[in-house]
Amino acid sequence: MNAVGINLKEGVRHMLSDAQALKALKALGAVASVAALYKLAGYILRELVLVPKLTILRDVEDLHKPRKGRKIPGRAVICGGSVGGMLAAAVCADHFESVLIVEPEAWANDYGFEIPQRRVYRTSSEGYPMVVQSRRRVVQYFVGNFLQPPSHMALSRLFPRLSEQLDYFDLRPTLSVMRMRLRSGGIYYEDPHHDANDKNALTLGITREAAETLIRRSLRLSRPNAAFKTGTVTRFIRESDRLGGVAVRTEAGEVEERADFVVDATGPTQLGFTKALSSSGFPVPPNLRVEYNPGMRYSTSVWTLPDHVRAKWPVPGGYELGVILNMTPDPETEEPRVFYIVNLERNQSKYS
């Protein structure tokens, strides 16, 4: 045994024979145990209680998992073909034999799989140039959508070839790791994402136009059992004691479509589930109420930045895609106004 081993052995023997040293060692062990139990309790609380109950992270892991048996024999009908409707269709297509997406706007079903290279503008009554909206039912179609990490995780699970579609639309530069510099009530919060390559912290800063087109194209290429139909669902059709289908108003008149499962993703236009169920003879609880009320108002301007502006971008680090500035008041002030600047794809900058 070398000298180091002898000295260590003698040191341990001395600590065990010295009452004060032994007492200090026990106190140190107690503190270490409490610290370990504290971290373990925090881990259990976070992973087994808070994350499953308050976030979608565990649900995301179950998206697009192969079914153990055959798909459900039947048809799912999705009322509304915007973002919510298409995501619902992607989930339903993994479980039902067929899915029908009923979207009122023919433009979305016919041309909504590509991002137009050029936009059409008109002059407003005040003399300002304004873009002509292709999606008339979607408010602020060209406004930015800042898709946070859980959204990117969900899209990646639903559409395994999402990265190929990002390249197809030249949207990969909009991917970035979420870096947060938050201050609330005079307290600065530490950014939890230190790894610049953390795939679980990726965000997408793109317009609603790009987000909707990306999802619509990904859905069409990945779910051959999902089809689009132009029209508006107006009522349910009852067969005996169950749902048998829906009535769809089209340009050619009303047609009936078989449906074994219906999702209302019509947003602010609202199919009105309670009224539709009641008129079809289904019992509706008196306290059941379905409504859409975002409770918010906002105005937005989107500018295309020329090369010389981006080259002299007056922000530390130069011109980058993503959120540039986000000013949100302290909740205790009850101030509802917010302001933010986001740089989007195709050299666009949004101010809201």
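Our subject in this report is the structure included herewith. Values in this document were obtained by computation on a predicted structure and should not be read as measured data.

Conventions adopted
Residues numbered from 1 in each chain as written. Predicted model: local features only at pLDDT ≥ 70, side-chain atom pairs only at ≥ 80, totals over all residues. Heavy atoms only, no water. Helix = DSSP H or I, 4+ residues; strand = E, 2+ residues; numbered from the N terminus. Buried < 20%, exposed > 50% of the residue type's maximum accessible area, 1.4 Å probe, protein only. Contact = heavy atoms within 4.5 Å. Areas by Shrake-Rupley, 256 points an atom, 1.4 Å probe, with all protein chains shown as cover. Pairing = 2+ DSSP bridges. Axes fitted to C-alpha atoms, helices over the stretch in contact; angles between N-to-C directions. Right-handed = clockwise from strand over helix to strand, strands pointing away. Salt bridge = Lys/Arg side-chain N within 4 Å of Asp/Glu carboxyl O.

## Looking at the overall build of the chain
When you go through the chain residue by residue, the secondary structure sums to ten helices and 18 strands. By the burial criterion, 32% of the 352 residues in the chain qualify as buried. Contacts in the chain between residues far apart in sequence, at least 24 positions, make up 62% of those at least 6 positions apart. With the model as given, the accessible surface of the chain reaches about 22,900 Å², and the carbon-plus-sulfur share is 57%.

## With respect to the environment of Gly244
Tracing the backbone shows Gly244 in strand β12 (residues 242-250). Separated by 15 residues in sequence, Gly244 and Ala259 have C-alpha atoms that sit 5.6 Å apart. Aside from chain neighbours lying at most four places away, what touches Gly244 is Ile237, Arg238, Glu239, Glu257, Arg258 and Ala259.

## Points about the sheet that holds strand β2 (residues 96-103)
Ordered in space as β10-β2-β1-β14, the four strands form an open sheet in which the pairing is parallel. With partners counted over all chains shown, the strands left at the sheet margins are β10 (226-230) and β14 (261-264), one partner each. Put simply, the sheet's adjacent strands are angled 20° from each other on average, direction ignored. Direction of pairing for β2 relative to β10: parallel, over a ladder of five bridges. Bridging from a neighbouring strand, Ile101 pairs with Phe228 of β10. Lying on the sheet, helix α4 (residues 83-93) is in contact with β1 (72-79), β2 and β14; it crosses β2 at an angle near 165°.

## Considerations on the sheet that holds strand β17 (residues 339-344)
Reading across the sheet, the four strands line up as β15-β18-β17-β16 and stay open at both edges, with antiparallel pairing between neighbours. Across the chains shown, the open sheet's two edge strands, defined by having one partner strand only, are β15 (301-304) and β16 (322-327). When strand polarity is set aside, the average angle formed by the axes of neighbouring strands in this sheet is 15°. Relative to strand β18 (residues 348-351), β17 is paired through four bridges, and the arrangement is antiparallel. Across the sheet, residue Leu344 finds its bridge partner in β18, namely Gln348.

## Remarks on the pairing of β2
Where burial is concerned, most of β2 is hidden: six out of the eight residues are buried. Note on the crossover from β1 through α4 to β2: the handedness is right-handed.

## Here we look at unusual backbone geometry
Residues other than glycine predominantly adopt negative phi, and peptide bonds predominantly adopt the trans conformation. A positive phi angle, near 60°, is found at His64, a position not held by glycine. If you trace the backbone, His64 turns up in the loop between α3 (57-61) and β1. Note on His64: relative accessible area 32%, which makes it partly exposed.

## Comments concerning the pattern of salt bridges
Across all of its chains, the model carries 21 salt bridges by this definition. As a salt-bridge pair, Lys65 and Asp62 come within 3.1 Å of each other at their nearest N and O atoms. The shortest N-O distance in the salt bridge between Asp260 and Arg242 comes to 3.0 Å. One end of the pair, Asp260, is in the loop between β13 (253-258) and β14; the other, Arg242, is in strand β12, with 18 residues separating them in the sequence. With relative accessibility at 29%, the residue Asp260 sits in the partly exposed group. Each member of the salt-bridge network shares a partner with another, and the members are Glu103, Glu105, Arg135, Arg208, Glu212 and Arg216.

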